[in-house]
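Given next are the chains, with one letter for each unit.
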Amino acid sequence: MNTEIDTGDRPADDAGEPSGEGLWGGRFRSGLHPAIHDFTNSLPFDRRLVRHDLVGSLAHARTLAETGVLEGEDARAVLRGLSALLEDVEAGEVRVPEGGSPDEDVHGWIERSLRERIGEPAGRLHTGRSRNDQTAVALRLWTRDALVRLAGAAAELCRAWIDEAEQHRETALPGYTHLQRAQPVTLAHHLLAHAWSVLEDGRRLRSVHDAAGVSPLGAGALAGTSHDVDPERTAELLGFEQGPHPNSLLAVADRDYVAEALFTASLLMTHLSRWAGEVVLWSSTEFGFLELDDSVAQGSSIMPQKKNPEAAEVLRGKAGRVAGRLSGFLHTLKGLPFAYNSDLQEDKEPLFDAMDTAEESLRAARVLARGVRWRPERMAEALRGGFLTATELADYLARRGVPFREAHEQVGRAVMEAESRGTELWELPLEVILEACPAAGEDVFEVLSPEAACRSHDTPGGPAPGRVAEQLEEARERVDELRTWSRERPEPPVVRFHRSGALLEGLA
Ligand code: ARG
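Here's what I pulled together on the structure shown here. (Residues numbered from 1 in each chain as written. Predicted model: local features only at pLDDT ≥ 70, side-chain atom pairs only at ≥ 80, totals over all residues. Heavy atoms only, no water.)

A short note on the overall build of the chain
Thought 1: Assigned secondary structure in the chain consists of 20 helices and 4 strands.
Thought 2: For 508 residues, the compact-globule estimate of 2.2 N^0.38 gives 23 Å, and the chain exceeds it by more than 25% at 31 Å.
Thought 3: With the principal axes as the frame, the chain shows a C-alpha extent of 100 × 60 × 40 Å.
Thought 4: Taken across its 508 residues, the chain has 49% of its residues classed as buried.
Thought 5: Each charge class in the chain was averaged separately, 57 positive and 84 negative side chains, and the resulting centres sit 1 Å apart. (Helix = DSSP H or I, 4+ residues; strand = E, 2+ residues; numbered from the N terminus. Rg over C-alpha atoms; globule rule 2.2 N^0.38 Å. Buried < 20%, exposed > 50% of the residue type's maximum accessible area, 1.4 Å probe, protein only. Lys, Arg positive; Asp, Glu negative; His and termini not counted. Charge placed at Lys NZ, Arg CZ, Asp CG, Glu CD.)

Overview of the pattern of salt bridges
Thought 1: Summed over all chains, the structure comprises 48 salt bridges.
Thought 2: A salt bridge links Glu 166 to Arg 169, with the shortest nitrogen-to-oxygen separation between them at 2.6 Å.
Thought 3: The salt bridge involving Glu 424 is made with Arg 384; its shortest N-O contact spans 4.0 Å. In this pair, Glu 424 sits in the loop between α15 (404-421) and α16 (430-436) while Arg 384 sits in the loop between α13 (376-382) and α14 (390-399), placing the two residues 40 residues apart along the sequence. (Salt bridge = Lys/Arg side-chain N within 4 Å of Asp/Glu carboxyl O.)

Description of α14
Thought 1: Among the residues making up α14, those that are buried are Ala 390, Glu 392, Leu 393, Ala 394, Tyr 396 and Leu 397.
Thought 2: Where α14 is buried, its residues contact β2 (180-186), α15, α17 (445-448) and α18 (450-456).
Thought 3: Immediately downstream of α14, the backbone of Gly 401 shows phi near 100 degrees, a positive value. (Contact = heavy atoms within 4.5 Å.)

With respect to the nonpolar core
Thought 1: By size, the foremost hydrophobic cluster in this structure holds 111 residues, and its most contacted members are Leu 82, Trp 161, Leu 238, Met 355 and Val 494.
Thought 2: Among the elements that make up this core, the one with the highest residue count is helix α6 (residues 131-167) (19 residues).
Thought 3: Beyond its immediate sequence surroundings of up to four residues, Met 355 is in contact with Trp 142, Ala 146, Leu 147, Leu 150, Ala 261 and Ala 265.
Thought 4: Formed by 23 residues, the second largest nonpolar core is a distinct cluster that contains Leu 397, Ala 414, Val 444 and Val 447. (Core = buried A, V, L, I, M, F, W, Y, C linked by side-chain atoms within 4.5 Å.)

Some details on the packing of aromatic side chains
Thought 1: Overall, the coordinates contain 6 aromatic pairs when judged by the stated rule.
Thought 2: Ring geometry for Trp 282 and Phe 289: centres 5.2 Å apart, planes at 65 degrees, overall edge-to-face.
Thought 3: A relative accessible area of 2% means that Phe 289 is categorised as buried.
Thought 4: Among the aromatic side chains, those forming a connected cluster through ring pairs are Tyr 176, Trp 282, Phe 287, Phe 289 and Trp 374.
Thought 5: If you follow Arg 48 out to its NZ or CZ, it ends over the ring of Phe 352, 4.8 Å from the centre. (Phe/Tyr/Trp six-rings, centres within 6.5 Å; stacked < 30°, edge-to-face > 60°. Lys NZ or Arg CZ within 6 Å of the ring centre and 35° of its normal.)

A short note on the environment of Gly 218
Thought 1: Along the chain, the position of Gly 218 falls in the loop between α7 (187-211) and α8 (231-237).
Thought 2: In the structure, Gly 218 is positioned 289 residues away from Leu 507 in sequence and 21 Å away in space, judged by C-alpha atoms.
Thought 3: With residues up to four places along the chain from it excluded, the contact list for Gly 218 reads Asp 133, Gly 224, Thr 225, Val 229 and Pro 231.

Some remarks on the site of the ligand
Thought 1: In the vicinity of the ligand, the contacting residues are Ser 42, Asp 105, His 107, Arg 131, Asn 132, Thr 135, Tyr 340, Gln 345 and Lys 348.
Thought 2: Here a nitrogen atom of the ligand and a side-chain polar atom of Asp 105 are 3.0 Å apart.
Thought 3: Here a nitrogen atom of the ligand and a side-chain polar atom of Asn 132 are 2.8 Å apart.
Thought 4: Contact with the protein chains hides 83% of the accessible area of the ligand, taken as 340 Å² for the molecule alone.
Thought 5: Per-element tally for the shell around the ligand: the top contributor is α6, with 3 residues.
Thought 6: Looking at the shell around the ligand, its residues break down into 1 nonpolar, 5 polar and 3 charged. (Near = heavy atom within 4 Å. Polar contact = N/O pair within 3.5 Å; in protein donor to acceptor, adjacent residues only side chain to side chain. Areas by Shrake-Rupley, 256 points an atom, 1.4 Å probe, with all protein chains shown as cover. Nonpolar A, V, L, I, M, F, W, Y, C, P; charged D, E, K, R; others polar.)

Take a look at the structure:
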C-alpha cells in the first residue's frame, strides 16, 4: 500500500517544458504542476465532443478558405487533415485518450493530432477563432443532436402508451383526486394523459433545439476578430438556422440552451416519475390494476413470493438525479461575470449525464410500458363501493330542475342509504332513490353506471368514447410528427460536404 501522501507542496520543477501543449506557453517559464493539470483537465469528459468539434473546425476552415484567410496548399492540407481525422474518429480507428494525455481538452487534442498529420499548416486553423467560441460551437452541436435523440425516444414511449390506450377504450376504472376515488374514466383516457405530457416534452425538446441554433463563431475570445471570418457562412455550414450570435460577449458566455435542455430533461423525467410511481402503486396487491410481465419485474433474495417493480422505482429515482443536474448547473452560472470563465467548463458533465439518463430512462420506460399486463377486473371492482357516480345523480337532478346545492344534499342521503345497505347506487330500488331524491324518474338508472357516466362526459378532452377517439387520433399524429422530425433532421451542410468528398470544391 502506498502510504506517501502528496501534499501538493512540491514545486512543479519536474513538469519540464512550459506546457499548454502548443496552445499557449510562450509567456511561461515553467510547466504546469501535474496536480493542476489533472484538476483543470477536461479531456476525460469533453472527449465526447470530438466529432462535433471537428465539424465546427471544418466549417471554420472551409470559411477561412473561402474568404482567402487560408490559402492554397495550406487550406487544402487543413481541410483534408480534419476530414481524415473525422473519418478515423467515426470509424473508431482513432480514439481520444481518456486520461494520461498532455492535452488540456479535446480542442488541444485535435490541434495536436492535426499537427502530427499535416505539420505546420495545422497552426493556421486557429486564425480568427478562440477556444471560447470553439467550445461553444461544439457543445451547441452536441446538444442539438442529443435533443433530437431524446425526441425520438419520447415519441416511441408515447406510441407504446397510445397502442395500449387503443386496446382499452372501454375499460372503465376510477379516476382519482387526492388519491381518493372520484369519478369513472377509461384506461384509454388515463394513458393518454401520460402521452400528452410527454408529447409536450417533445415540443419543448424541439423548441430548445431551435434556440440552440445560433452560431458563436466569429465571437473570438469575447470581442470578435479582425480576420475575415464570415460568421454568416460558418453558421450556414453548421446548420445554425438563426445565424451568428447577436453579441460576441454573450456568444462565448451563453449557456442558456444548456440550462433549457437540462430543464426540459428534468420535466420529462418528472413526467416519467409520475408514471413510474403509478406503476409501483398499481402493481401493489392493494391496487392490483396491473401486473408486470416477468421480463420487467425482479424478485427478492429472501422473500420467494415477491415480484418487485424495480425498473419503475429506478426510473422514479433517476428523476431526482436529473433535477439535481439542472439545479447544480444553475448554481454554476449564478453570478458569473461576462464573458468566458472556466467555471463554464462545468457545463458538460451535468449536461451529458442528464441527457444520457433521460435517454436511457425513456428507452427503459418503453420496455416497461410494453410489459404491463392490465387487470380490468380489478379496476371494475374498484369502481364499486366508492359511489363514483354520485355526481352523475346530482347532475341528473339538476337537469330536472332541482337546484344543484339541493341535489347535492339529496344525493348525499341516497349515498348514506346505499352505504348502510351495502349496495351500489345503481342497485337501490327506485322507491328508495325517490325517498331521497323525489324529482328522480325511472330513467335515473341510465346515468348511474360507470360506463354511462363516461359516455355522458362528452366535453372536449373528456372520457366519452368519441372524445377519446379524437384524442387518440390527434396524439398519434403528434407522435408521428415528432418521430419524423427526429429521424429526418438534416445533417449540417459541412458534414454533407465532408461525406461526399466535396470539402475542397470551388476553392481557389
Ligand atoms: N476546456 C474549456 C471548456 O470546456 C474550453 C477552453 C476555454 N478557454 C480557455 N481559455 N480556457 O470550456
